[in-house]
There are 4 protein chains.
Amino acid sequence: MLKVGIVGASGYTGVELARILNSHPLVELTVATSRSFSGRSLADAFPNLKGLVEIVCTDRKIADYAGDADLFFTAVPHQTAMEIVPALLNAGKKVVDLSADFRLADAGVYEQWYQPHTATTLLPEAVYGLPELHRLRIQQARLVANPGCYPTSVILGLAPLLKAGAVDPDTVVADSKSGTSGAGRSAQTATLFCEVADGFRAYKVGEHRHTPEMEQEISKLCGRPVTITFTPHLLPISRGILSTVYASLAPQLTQEKIATLYSEFYKDEPFVRLCKAGSYPATQYVRGSNFCDIGFKIDSRTGRIVILSAIDNLVKGAAGQAVQNMNILCGFPETTGLLTVPLFP
Amino acid sequence: MLKVGIVGASGYTGVELARILNSHPLVELTVATSRSFSGRSLADAFPNLKGLVEIVCTDRKIADYAGDADLFFTAVPHQTAMEIVPALLNAGKKVVDLSADFRLADAGVYEQWYQPHTATTLLPEAVYGLPELHRLRIQQARLVANPGCYPTSVILGLAPLLKAGAVDPDTVVADSKSGTSGAGRSAQTATLFCEVADGFRAYKVGEHRHTPEMEQEISKLCGRPVTITFTPHLLPISRGILSTVYASLAPQLTQEKIATLYSEFYKDEPFVRLCKAGSYPATQYVRGSNFCDIGFKIDSRTGRIVILSAIDNLVKGAAGQAVQNMNILCGFPETTGLLTVPLFP
Amino acid sequence: MLKVGIVGASGYTGVELARILNSHPLVELTVATSRSFSGRSLADAFPNLKGLVEIVCTDRKIADYAGDADLFFTAVPHQTAMEIVPALLNAGKKVVDLSADFRLADAGVYEQWYQPHTATTLLPEAVYGLPELHRLRIQQARLVANPGCYPTSVILGLAPLLKAGAVDPDTVVADSKSGTSGAGRSAQTATLFCEVADGFRAYKVGEHRHTPEMEQEISKLCGRPVTITFTPHLLPISRGILSTVYASLAPQLTQEKIATLYSEFYKDEPFVRLCKAGSYPATQYVRGSNFCDIGFKIDSRTGRIVILSAIDNLVKGAAGQAVQNMNILCGFPETTGLLTVPLFP
Amino acid sequence: MLKVGIVGASGYTGVELARILNSHPLVELTVATSRSFSGRSLADAFPNLKGLVEIVCTDRKIADYAGDADLFFTAVPHQTAMEIVPALLNAGKKVVDLSADFRLADAGVYEQWYQPHTATTLLPEAVYGLPELHRLRIQQARLVANPGCYPTSVILGLAPLLKAGAVDPDTVVADSKSGTSGAGRSAQTATLFCEVADGFRAYKVGEHRHTPEMEQEISKLCGRPVTITFTPHLLPISRGILSTVYASLAPQLTQEKIATLYSEFYKDEPFVRLCKAGSYPATQYVRGSNFCDIGFKIDSRTGRIVILSAIDNLVKGAAGQAVQNMNILCGFPETTGLLTVPLFP
């Protein structure tokens, strides 16, 4: 049994890690840190865990808990992560970091969108943990930068097309809609039930920090720098992201040819499910699962393709993908603990 | 007091007309037709109306009820409308039709997206009832074709930019999200609570029938034929549409210049509210009202503009706009009965 | 035009007062106090008000704004109200207080459930503002204590039965379910969207502070002290309370006799709507309105009656009832500004 | 591997069975019948199953599929079940029936609440499948009548108290609230999204068919006939039941003594979780799981106890409990395939 720890266990992502790891047959959760619930059972704060997850939260120093596990998930805010991760690596641990701190290979880009980076020496070895694109590098990594939720949905939707040169990357527009759990569990007026329920809005239009992350991966796929337009929206649901992505299609490409591109690209991927022609993904069909469902439609009247990509932002967009990365890192079968049927309705 | 009738009173749009007309000081509701509730009080079927709206539904023939009102709202499905409207006009009545049957001036385009048109002789005189664009023609009309909900939000969001040549119309992508009331009140599995709640999906991608309606008005504004890409989505809310519209911006246009374009274009419009820089509309802020709230953001990194436009699909997207059209048609002050504060939360 | 002020304008109740007062033809809103939005337009914080409500929030001292209005709504937390209300009364103003501070005539009871009372001299003149029970006293009051939301629904549901001795008051159980707006707009984890959505729970079981308020009014109706069991629950909706009330029925009482009791008791009440036999109220049919809808069913197998009572907690349960009280206080027709059709769906 | 079949696979309960069985290591799903999806993959109709559940729906006659499995779950409406179950038993199969047809031991009571019973000879051997009360009989049964969702929550909440004589059974009032999936997946206006969302109502007050089922089990526990008052309500959520149950408490019983009663009664039960004093269950903490969470509060002011009991209506209230019954019937460890962490948020 691999001993694993969760640093930042009492946010939605931390609790989701605890949920998923609980049914993972090859790991044991031995550390859960939380400032706000220190000394309390994690299941006291999150009664869904009751009777299954027994761990007590701690607020000890890194040096005091690092020895208790072999691999750590760091589910803390950006900037906090870059303080913790180096110490864990120095202690000889493997780390799957769920923050943004190690996702951008270029520290300059990071600093332009976030704040100064204090652990730049780790950037060269950090691997962007999207297994469908970077599986081999993940296998050998000490530090995996788990992708953002929006980028996971957008990049997986676009990758086969970009790789094949089927779309003009300069025309990419990503219109994404996310459930509210993506905003975290800290108390704030903007995510109160009454502010979100029965409503819908865009936010951080043209300036969301997941933009450079998408552009980094899209640029890699295209072999040249690409900028895209990205608009996030807030859905009155707890879990789920649907990204609707637009791009101009190269000539002569039919529904069938594109379908083949996708099925070839993802033919060995256990967590990508492709929709049949005429059907599209929905967030409710991936709820609670690590699947990314993808569909598309050619709008022949305008020469564009419309790609639809759905994930559960807390699973494939965070905790589930982190466990998938752990499986790869540790040589476990990649789907271990992750092949559960989405909860519908 | 103007006597008005609602043909098709027991759908969500019909009931919404009854709600709005109830607080309109210059009209009296004298006819409400409904096949399913014939002989029953409309308030029995819709208890929200109880104590205020006293009318009993009828299923009589047109000839039998046409004399009971001076103006009719036809809130029936397309194809049914083109059977009823000619008879009402022949009886000397004014008609605000909420179906799609008289929105497309070109019968050929209509037949391509719908089915054969059997009242083409009325098309030349039907006025597309978007007051912000066609107020003068509405004043003189016998037959107003009340716009679709999606087109209302998209066209109002784009009009000032298209009129000024500020965007490239060939790059327009409209990504719209609608509440479920837009799907109507007939029993179907796809709109059951459990199918919609806590979920999100696109539908009719690239083939929704509101597309030609948008293109007709956009083409008029541009002075040449334009095709656009339009994707509707289903929100787990009852009321509200938010359209996120993308287009390439002409050079040299700043946030301030665009803001001026909008404020000039809509300076006398009582139902268009413009958001300040950095703030965006939300469906919950227009709920139950006839407002269209509009905001935008220039994405200077890509040279695009992102326009956000929010309406209540049952009000500005249907019944409210119909009453606004009635006010114009009848020479009432345009805002009569329509200036209520949106219900939030 | 009566000049009115809202003390505490930026909570959900304050904003709802602004919404309702905006369509009241006999008043003008001249003061809106708010600590958090001082100096900002109320419509900036609540964009639903944009274009209709123009007032700017102030954080001045009472003495500085008291002169600007003739009647004040105090929409502040309990304990704060008892600091503000005496000063407003001393300045010669009329006050409708929406807090709990003046609802309980017995200071001892108040102090048992809340904290020490520092304005007990005002208790004898404060009138419990449930117009259906205390209209005459409200007409002559300087200070009206606007009832709590739960008590409004429970008391209106029970009053005709208790008054007629039709039920055994010692068997009363009130099981109430409220929308989340009742918890207010301050940032707290427990009312975040993700904590409330798609869920349901009870809270403060057997110890909610609205209990003594119900008991006070029930005891008055019975002519002797009565204690009841009350359980509040949190619904994943923004607005609405449904109370399901149980009591043992006196013998020989039929559905028809009880229906007559209700219709007699409420025959002149503009805001109480009675359901026909076999139909029951629903929160969605009173949304946004000042109505209280009441239905009941005799469970002859057990000798109990089940009473269902629905209100919008922000309207009849708070701001609407406060305006109704203002209308009575000021000699306006009681329904002025309040007869709007509930928003459904 | 045990071969199992689902008769009626395309309702919400059938699909939930498919979901749960998919992660059960000891069974194989070999039959799924559905009239509406005959010949189609079940995963086509319910894309959440895609990639995991491969079965194709059939509409063959019983005789044609009975041989393909050893145990059947009949997830069909009452009355249909009594036509199918005898044939399956005659074919030597074991049956867990999820309808109401075999729950009531007394055919007379059944016929009073439902319609004539045509398989009364099976009633004596049918076992009411609430494992916490009838585990030993379930072990030896051929036919298990899986309990209704409401009765599961109410009976588990009351059983320890009734068994110990701690409450007066004649004072029991059960106020239950259910998610909309309980109403099934057939198209009907009453359960459309817009009719249910952002609302709350009671239905079938005093006449719901789950009443006699509760009374049967409560009467067994009390050793004498008992009638109770039961009110179901419809929650705007997909999954979950919370029952709030009231009863007069015997004297001298403290919070501690009652807590001990519960913990003793349920000490070996893997699916009952008891809440600590002062905390209460919530439907969101059992979502997707087979748990029943129970809490209580003594209302010493009135001498009553308030019991709160939460389940997922599709799991412990239907499919999960059916699998638990299968596990018992077949000698599998009772928790096999059922110990998953509830999905929150």
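Residues numbered from 1 in each chain as written. Chains lettered and ligands numbered in written order. Predicted model: local features only at pLDDT ≥ 70, side-chain atom pairs only at ≥ 80, totals over all residues.

One frequently used descriptor of interface size is the decrease in accessible area upon assembly of the parts. Of the residues lining the interface, 36 residues belong to chain B; the matching set on chain A comes to 36 residues. Considered class by class, the residues forming the side of chain B that touches chain A number 16 nonpolar, 11 polar and 9 charged. (Contact = placed C-beta atoms within 7 Å. Nonpolar A, V, L, I, M, F, W, Y, C, P; charged D, E, K, R; others polar.)

All names here are of chain A. With their axes 9 Å apart at the nearest point, helix 1 (residues 12-22) and helix 11 (residues 315-330) run at an angle of 45° to one another. The angle between helix 1 and helix 11 falls in the class oblique. The handedness of the crossing between helix 1 and helix 11 comes out as right-handed. Mapping the contact onto sequence places T13, E16, L17, I20 and L21 in helix 1 and V315, A318, A319, G320, A322 and V323 in helix 11. (Axes fitted to C-alpha atoms, helices over the stretch in contact; angles between N-to-C directions. Helix = DSSP H or I, 4+ residues; strand = E, 2+ residues; numbered from the N terminus. Parallel < 35°, antiparallel > 145°, perpendicular 65-115°, else oblique. Left-handed = near helix turned anticlockwise from the far one by under 90°.)

A word on the relation of the copies chain C and chain A. Overlaying chain C on chain A yields an RMSD of 0.0 Å, the required transformation being a rotation through 180° with an accompanying axial translation of 0.0 Å. Between the two chains, the operation in question is that of a two-fold axis. When the interface residues of chain C are mapped onto chain A, 100% of them are again interface residues, pointing to one common binding face. (Least-squares fit on C-alpha atoms with pLDDT ≥ 70 in both.)

A few words on the sheet that holds strand 6 (residues 143-145) of chain C. Pairing is parallel in the open sheet, where 6 strands are placed in the order 2-1-3-4-6-5 (chain C). At either margin of the open sheet sits one strand with a lone partner, and together these are strand 2 (27-33) and strand 5 (127-128) of chain C. (Pairing = 2+ DSSP bridges.)

Residues and elements named next belong to chain D. On the basis of which strands lie adjacent, the open sheet formed by 6 strands has the order 2-1-3-4-6-5 and parallel pairing. The sheet terminates laterally at strand 2 (27-33) and strand 5 (127-128), the two strands that pair on one side only. Where strand 4 (residues 94-97) meets strand 6 (residues 143-145), 3 bridges bridge the pair, whose relative direction is parallel. When the bridges of strand 6 are listed, D97 appears paired with A145. Together, strand 3 (71-74), strand 4 and strand 6 form the strand contacts of helix 11 (residues 315-329), whose direction differs from that of strand 4 by roughly 155°.

Before going further, it helps to examine the domain arrangement of chain A. Residues and elements named next belong to chain A. If you check the domain split of chain A, you get domain 1 (2-125) and domain 2 (150-313). Computed from C-alpha atoms alone, the centre-to-centre distance between domain 1 and domain 2 is 27 Å. Classifying every residue of the side of domain 1 that touches domain 2 by side-chain character gives 7 nonpolar, 1 polar and 1 charged. (Domains from an automatic or database assignment.)

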